[in-house]
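Observations on chain architecture
Single-letter residue listing:
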Amino acid sequence: FKEIPEATILFSSTAPIVYCSKHHLDFSQMRGLKAYILPTCNGQTLKAVEVESVTAGTGILLKAAQAGTYKVPYCEDTSYSLNLLHGTTEDATLSPTEGEAVNYAYRASDGTFQRIAGQCQQVAGTAWLQLPGHVAEGIDALSIVYGEAGSAGDVDGDGNVTIADVTSLVNFILGKE
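Residues numbered from 1 in each chain as written. Predicted model: local features only at pLDDT ≥ 70, side-chain atom pairs only at ≥ 80, totals over all residues. Heavy atoms only, no water.

A tally of regular secondary structure across the protein gives two helices and 16 strands. The proportion of buried residues among the 177 residues of the protein is 41%. For the protein, the exposed area adds up to about 9,500 Å²; of that, 51% sits on carbon and sulfur atoms. (Helix = DSSP H or I, 4+ residues; strand = E, 2+ residues; numbered from the N terminus. Buried < 20%, exposed > 50% of the residue type's maximum accessible area, 1.4 Å probe, protein only. Areas by Shrake-Rupley, 256 points an atom, 1.4 Å probe, with all protein chains shown as cover.)

Moving on to the pairing of strand E4 (residues 33-42). Counting buried positions along E4 yields seven of ten residues, so the element is predominantly enclosed. By the bridge criterion, four bridges tie E4 to strand E7 (residues 60-64) in an arrangement that is antiparallel. Of the residues in E7, the one forming a bridge with Tyr 36 is Leu 61. As judged from the six bridges shared by E4 and strand E5 (residues 45-51), these two strands associate in the antiparallel manner. By the bridge assignment for E5, Cys 41 is matched with Leu 46. Hairpin geometry of E4 and E5 is characterised by an intervening segment of two residues between the two adjacent antiparallel strands and by a positive phi of about 65 degrees at Gly 43. (Pairing = 2+ DSSP bridges.)

Formed by 21 residues in total, the largest nonpolar core has its most connected members in Leu 38, Leu 46, Tyr 104, Phe 113, Leu 129, Leu 131 and Leu 142. Looking at this core, the elements that each hand over two or more residues are E4, E5, strand E12 (101-107), strand E15 (126-132), helix H1 (133-136) and strand E16 (141-149). In this structure, Leu 129 is in contact with Leu 38, Leu 46, Leu 84, Leu 85, Val 102, Asn 103, Tyr 104, Phe 113 and Leu 142, ignoring residues within four places of it in sequence. In terms of nonpolar packing, the next biggest core, distinct from the first, is built from 18 residues, Ile 9, Val 54, Tyr 70 and Val 72 among them. (Core = buried A, V, L, I, M, F, W, Y, C linked by side-chain atoms within 4.5 Å. Contact = heavy atoms within 4.5 Å.)

Here we come to the environment of Tyr 19. Tracing the backbone through its elements, the reader meets Tyr 19 in strand E2 (residues 17-19). Residue classification places Tyr 19 among the buried positions, given a relative accessible area of 14%. Sequence separation between Tyr 19 and Trp 128 is 109 residues; the distance between their C-alpha atoms is 9.2 Å. In contact with Tyr 19, other than residues within four places in its own chain, are Ala 7, Ile 9, Leu 25, Thr 58, Gly 59, Ile 60, Leu 62, Gly 125, Thr 126 and Ala 127.

Within this structure, the stated rule accounts for three aromatic pairs. Ring geometry for Tyr 36 versus Tyr 146: centroids 4.8 Å apart, planes at 75 degrees, classification edge-to-face. With Tyr 36 in strand E4 and Tyr 146 in strand E16, this residue pair connects regions lying 110 residues apart in the sequence. A relative accessible area of 4% means that Tyr 36 is categorised as buried. Where Tyr 106 meets Phe 113, the ring centres are 5.1 Å apart and the plane angle is 55 degrees; that geometry is what we call tilted. Tyr 106 sits in the buried class, given a relative accessible area of 15%. (Phe/Tyr/Trp six-rings, centres within 6.5 Å; stacked < 30°, edge-to-face > 60°.)

Take the pattern of salt bridges next. Between side chains of opposite charge, a pair can form as their charged atoms come close. A complete count under the given rule lists two salt bridges for this structure. Between Arg 107 and Asp 110 there is a salt bridge; the shortest N-O distance is 2.5 Å. Owing to a relative accessible area of 38%, Arg 107 belongs among the partly exposed residues under this scheme. In this structure, Arg 115 engages Asp 140 in a salt bridge whose closest nitrogen and oxygen atoms are separated by 3.6 Å. Linking Arg 115 in strand E13 (residues 112-115) with Asp 140 in the loop between H1 and E16, this pair joins segments that are 25 residues apart in sequence. (Salt bridge = Lys/Arg side-chain N within 4 Å of Asp/Glu carboxyl O.)

Rendered as structure tokens:
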């Protein structure tokens, strides 16, 4: 019997948390724990898409069915998806902006992301949100809508991977969405 290395994640409540691991993680067999990335922003709403695995260093949102300790197995490799969350595996100091991007910190008390006003300490093993400046213009807070498991590459969150996903991604980068 070979023991599979795993990450131990503690939930003191059922409130979602932001998380980042130094290892690839496999959520495909987890009971009572779901992982989400944030691939799209529409106005003041972020679309959270459930994922089955994440690469090391990826910022994710985790939702637990109940408070307690969850053990998530490591995995060998996984695919990458567009994600507006940025994970940190070391303590970091964030500024309100980075280049032309705007940074937002997760506020667990109401499950929203708030624009960073000054320097902000980000603890290792967590994540923050970063939006292009043209998308963040006039937005101080963002709420989250949780969706079901998506496919890698499903940028627009419609459940299908098509040329429309490429168009959505290009338009987002160019500031047209």
